[in-house]
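# Working through the structure, step by step
Here is what each chain is made of, one letter per residue.
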Amino acid sequence: MALNIDAQAQKKGDLQENPAAPASVRVDGNLSEWDPGRFTAHEDTRISYLVSNDDRNLYLAVRSADRDKISKMVTRGITLTVNTDGKKKAGPSVTFPAGRVPGAAAGKPADPGQALRSRLSTAREIRITGMKSIRDGGISTENEYGILAAGDLDSAMTFACELAVPLDQLGLSPASDSPVAIGIRINGIVPPRIQAGPRSPYESMRRGGYGRAAAFPEGLQPEEFWIRRTLTTQTQ
């Protein structure tokens, strides 16, 4: 599964219609049913993504060959947020993988991807917020709501993830032509808000040149971008 970094350059602020989802989508972490030419490369996050829909679901497919980003996505999760007002703000969201990250096993891993594959193989939780008829919190990947998620890391260390969310859970209709805002977030560690006095350790660190970045490296912080889309009524 090769990462096509040249596939459709990201055009910030453009309103586009979703491409139609394949006639048969199986959410299993294998992206073979998706057209590689439909993926968009996002340079800042070094991922390639595809947002699509049919008359039932909104889909997100993500792939990346960048090992730092893969580590963040597998251990912290990817969040898909949909704002039906077309604004870059909170809305119904789905995060996968979610839940507790297992501790590292004793001994040196057989290969660099072993711990990440172990995490994916045991990922059984999806975190939900703001859904129409689901209480906020964690749900199983095997649930009655039709929300699906799966990820895979192949032998070439290319990561793939798929999410499917029923349109009605998002408050959307397949016939709607109103723009929606879609946020794609690689989760990370959120730095705390520090109100430091002149004598506090935090202020001393800042003045000494060690500051917040030393405690929370930029590479560990969340990364997010938004796109604006309309749903498609086309079928494949």
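Our structure is the block above this text.
Below is a short write-up of the structure. Treat the numbers as computed from the prediction; the structure is a model and nothing was measured. (Residues numbered from 1 in each chain as written. Predicted model: local features only at pLDDT ≥ 70, side-chain atom pairs only at ≥ 80, totals over all residues. Heavy atoms only, no water.)

### Observations concerning the nonpolar core
What counts, and what does not: Note on terminology: a nonpolar core comprises buried Ala, Val, Leu, Ile, Met, Phe, Trp, Tyr and Cys residues joined through side-chain atoms within 4.5 Å. Only protein chains enter the accessibility calculation, which uses a 1.4 Å probe. A residue is then buried if its area is under 20% of the maximum for its type, exposed if over 50%, and partly exposed in between. What makes two residues a contact is simply this: any of their non-hydrogen atoms within 4.5 Å.
One finds L60, I147, F159 and I184 to be the most contacted residues of the largest nonpolar core, which totals 40 residues. The contacts of L60, once residues within four sequence positions are left out, are Y49, L50, V51, I78, L80, C161, E162, L163 and I184. Counting residues in each nonpolar core, the second largest holds 11 residues, with V27, L50, Y59 and A160 among its members.

### A look at helix α1 (residues 67–76)
Defined as follows: What counts as a helix is a DSSP run of H or I of at least four residues, what counts as a strand is a run of E of at least two, and both are numbered from the N terminus. Whenever a nitrogen or oxygen atom comes within 3.5 Å of another N or O atom, the pair is scored as a polar contact, on the condition that within protein one atom can donate a hydrogen and the other can accept it, and that pairs from neighbouring residues in sequence are kept only if both atoms are in side chains.
All of the buried residues along α1 are K69, I70, K72, M73 and V74. The N-capping residue of α1, defined by a side-chain oxygen 3.2 Å from the backbone nitrogen of D68, is D66. Downstream of α1 by a residue or two, G77 has a phi angle that is positive, lying close to 95°.

### Topic: the pairing of strand β9 (residues 148–153)
Which entries qualify depends on this criterion: One requirement defines pairing of two strands: DSSP has to find at least two bridges between them.
Here β9 runs beside strand β10 (residues 159–166); their pairing, made up of six bridges, is antiparallel. Looking at the pairing, A149 lines up with L163 of β10.

### Brief notes about unusual backbone geometry
Residues apart from glycine generally show negative phi values, whereas peptide bonds are mostly found in trans. Residue P97 is bonded to the preceding F96 through a cis peptide linkage, with omega at -10°. Assignment of secondary structure puts P97 in the loop between β6 (93–96) and α2 (114–121). In the Ramachandran plot, R46 falls in the positive-phi region, its phi being about 55° despite a non-glycine side chain. Mapped onto the secondary structure, R46 falls in the loop between β2 (40–42) and β3 (47–53). Positive phi outside glycine occurs at M157, with the angle close to 65°. Relative to the helices and strands, M157 is located in the loop between β9 and β10. Given a relative accessible area of 7%, M157 falls into the buried group.

### Side note on the sheet that holds strand β11 (residues 180–186)
Remark on secondary structure: sheet strands pair via backbone hydrogen bonds, oriented parallel or antiparallel. Just so we agree on the cut-off: Inter-axis angles, ranging from 0 to 180 degrees, are taken between N-to-C directions of lines fitted to C-alpha atoms, where helices are fitted over the stretch in contact.
With respect to topology, seven strands assemble into an open sheet ordered β1-β12-β11-β5-β6-β7-β8, the strand pairing being mixed. Each edge of the sheet is formed by a strand with only one pairing partner; in this case those strands are β1 (15–17) and β8 (137–140). Here the average twist between neighbouring strands, direction ignored, is 30°. Looking at chain direction, β6 and strand β7 (residues 125–129) are connected through three bridges and run antiparallel. Counterpart to S93 in the pairing with β7 is T129.

### So, the pattern of salt bridges
Just so we agree on the cut-off: One side-chain nitrogen of Lys or Arg within 4 Å of one carboxyl oxygen of Asp or Glu is enough to make a salt bridge.
Applying the stated criterion to the full structure yields seven salt bridges. Residue R56 is joined to D54 by a salt bridge in which the shortest nitrogen-to-oxygen separation is 3.4 Å. A relative accessible area of 13% places D54 in the buried class. Ionic contacts of the salt-bridge type, sharing partners, join the residues D54, D55 and R56 into one network.

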